[in-house]
Structures are given as structure tokens and as C-alpha cells.
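Remarks on the overall topology
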Amino acid sequence: MRRVLLIALILSLMLPAFALADQTVLMTFTGDVVLGGEPDIARDPKSFTSIHKKEGDEYFFANVMDLFKADDLTVINFEGVFQENNNGAVKDKTYLFRAHPDMVSILTASSIEVCNLANNHSRDYNLAGYLRTQQTLTENNIGWYGKKEHFIWEKGNIKIAFMGLNTTEYYDNRAWFRQEIPRLKNEEGVDMVIFTFHVGHEYARLHIKRQAEYAKAAIDAGADLVIEHHPHVIQGTEVYNNRTIFYSLGNCSFGGNFNIGHHFEDPSITALESVIVQAEITFDDDGNYKGQQMKLYPIHTSGTFPQSNYQPVRVTGEDAQRVMELIQNDTPYELSPYDETLGYALQPYVPAE
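Residues numbered from 1 in each chain as written. Predicted model: local features only at pLDDT ≥ 70, side-chain atom pairs only at ≥ 80, totals over all residues. Heavy atoms only, no water.

Looking at the packing of aromatic side chains
Across all of its chains, the model carries 20 aromatic pairs by this definition. An angle of 50° between the planes, with centres 5.7 Å apart, marks the rings of Phe61 and Phe68 as tilted. Accessibility assignment for this pair places Phe61 and Phe68 in one class, buried. For the pair Tyr170 and Tyr171, a centre-to-centre distance of 4.8 Å together with 80° between the ring planes defines the contact as edge-to-face. Among the aromatic residues, those joined into a cluster by ring pairs are Tyr170, Tyr171, Phe177, Phe195, Phe197 and Tyr214. The ring of Phe258 has Lys46 sitting right over it, with the charged end atom 4.8 Å from the ring centre. (Phe/Tyr/Trp six-rings, centres within 6.5 Å; stacked < 30°, edge-to-face > 60°. Buried < 20%, exposed > 50% of the residue type's maximum accessible area, 1.4 Å probe, protein only. Lys NZ or Arg CZ within 6 Å of the ring centre and 35° of its normal.)

Points about the environment of Ile152
Here Ile152 lies in strand 7 (residues 147-155). A relative accessible area of 22% means that Ile152 is categorised as partly exposed. Along the primary structure Ile152 and Val193 are separated by 41 residues, whereas in three dimensions their C-alpha atoms are 9.1 Å apart. Sequence-distant contacts of Ile152, that is, excluding residues within four places in its chain, are made with Lys159, Ile160, Ala161, Leu184, Glu188 and Val190. (Helix = DSSP H or I, 4+ residues; strand = E, 2+ residues; numbered from the N terminus. Contact = heavy atoms within 4.5 Å.)

Let's talk about the pattern of salt bridges
Under the definition given, this model contains 14 salt bridges. In this structure, Asp124 and Lys93 form a salt bridge, with 2.4 Å as the shortest nitrogen-oxygen distance. Remark: Lys93 occurs in the loop between strand 3 (81-82) and strand 4 (98-99) and Asp124 occurs in the loop between strand 5 (114-116) and helix 5 (126-139); sequence separation between them is 31 residues. Lys93 gets classed as partly exposed once you look at its relative accessible area, which sits at 29%. With a closest N to O distance of 4.0 Å, Glu273 and Arg205 form a salt bridge. Residue Glu273 is found in strand 14 (residues 273-283), and its partner Arg205 is found in the loop between strand 9 (192-198) and helix 7 (209-221); the two are separated by 68 residues along the sequence. Given the relative accessible area of 11%, Glu273 is considered buried. By sharing partners, the salt bridges in this structure join Glu180, Arg183, Glu187 and Glu188 into a single network. (Salt bridge = Lys/Arg side-chain N within 4 Å of Asp/Glu carboxyl O.)

Dropping the structure here:
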């Protein structure tokens, strides 16, 4: 009898632990993605469009598809427009990126669920092109967000909001996001806010003051993770008030150029080296945000160089160390190193408080 009571006591002590088990969400973030590209070169055999016709939907992300399929959510920075023709093209703009709406199948075939549209190419075909892009994504069950339009993703009792602004929108919308982030958490029951900024200097190895200003302002307002884009090359990371900032993830699959992009004055600075970030987010049993841990996967934006095959590939050895070195050079603390066995650099867990 005494033994039965002891077992019952042990089980009763264990039950609260089971009831309060943590929940996790795994999200993957990539850098800039351009499907299609400039319409004037679409028929060239080297173009993204021509390779798509030859290789099919799954070709472009084939080497990183395992990451996208194993997570809960894959988020890309989609630079460009889904539109059937050139109507409404912005005049006097150097680069206009457009993909036929049928090419959205590349995203659905690659387990890409969310697109950031807060960038300098989402309105290459003015408002009509922007709205056509939103329509195409919505019709294919792909979430999108940008400017003052957020996207909320749910898993069980967990709600995560995505928000974004580009550099020209920031100063006019500071008051808005300082109010909107708390409103989402207090009124709509959002447990975590992820903010994307499109800001910085193209092909700059180091982030500028403005990038840190934007990111920290969002975190001060209540954002829990900040991802930045635009430089086309990788930059550093930082933990501010127990929240992670990535200043630039570089490019991913970039159909905007035949060749790997490079700095106009210094050709040694190229967009070849990049990174894919996986964020494992922890919530308690009630869905309350508890903390985050990042995995950094070094990649090259193309399997060929200098001509791009638009197919990002995970790298190891010296190539992976070079990617980590570039991130480290713009990071104010020592990063956890790349692990050849794991295939990524696992950073320390950052608790919410």
C-alpha cells in the first residue's frame, strides 16, 4: 500500500511538468529572391525564365529544400512583381523585376509560405502590379506583408505577426509601428512580432547607423526579431534587449542578374556568400513567448561562378568559414562557430527576459 501511494505521489508531481511543456516553432529566413527578372532579357538562354522553362519549379531551391520542408514556416524577401505584362512599368528606373504569375508555382513547390513585400522592387509596376502580386500570392495560399499591412500566422494557440517597412517608409511610419506592435499584442492576442526592414547600402560589408536605428526602434516598440535586407551581401548580427537582429542575409536565389552581383568599385565584393537563418522560437503551454535560438547555415547564392545558375547551395569547409568570417566582422560579440558535423553555427539561446 505504501508503495502504491509513493508511485501516486510521484505521478502527481510529474503531471504539472507535462502540462507546462514548452512549444516550439521553427522558421526559416532567406535573403533576396527574384523570380523572373528583367523582361527584356527573359528569352536569353542564361536568364532565370529560360532556366525555369528548362528545369522546372523545384530546380531553384533543390539544394536547400530540406530546410524549407522541415520547418513550420519559410519566409523570403520577394523582390519584384507577379504580372502578365509590362503595363504600368515605372519609368526611368534602372532595374525592373517581373515574373509571370504562373511562376508562383516555384514558391509553392519549394515549401515557401510567406513573402516580405516591403522592398524597393515590389512597386516596379506601380500600384496595379503591387496589387496583382498580392492577389497571386493570396490565391496560392502564400502569406505576404509590407508597409502597413501585416500577416498573422497561427499554430495552435500561438500567433505570430509579420510586419515590414522599406527605408523610404520608415520615418513617416515610426508613430504607426510604435502603436501597432503593442496593439497587435494587446488587442489581437499576438504572442510574437517579427519585423523586416529593407535598408542599408548595397554591397556594403558593414551595416550602417540607420540599420541599427530602425531595428532597435522596432524592438523598443515590442518587436521580438528583426530581419533586414537590401545590401545583397551578408552583414552581421546583434542581440539587443534579448532580441536578435540580422542586418542583412544577402541574396538567395536572385534572378535579377546573369552573373553573381558585385560591388561596382570593388569586384572582389560579390553576392556569392550568403546565409539562411533558422529561428527556433520557444513558447510556454499557454502560447506565451519565452525565447529564441538561431542556426546560421552558410550558403552560396549559386552553384556556379561568376555566371549564376540561380540555385543556392549549402557550403562546408573553407567556404562555410568564409561566410562566418564575413558575419563575424560585422558582429559586436564572438559568434558560436560553424560546426562541420551539424552543418550550421548554433548560437546561444536568448530568453525573452
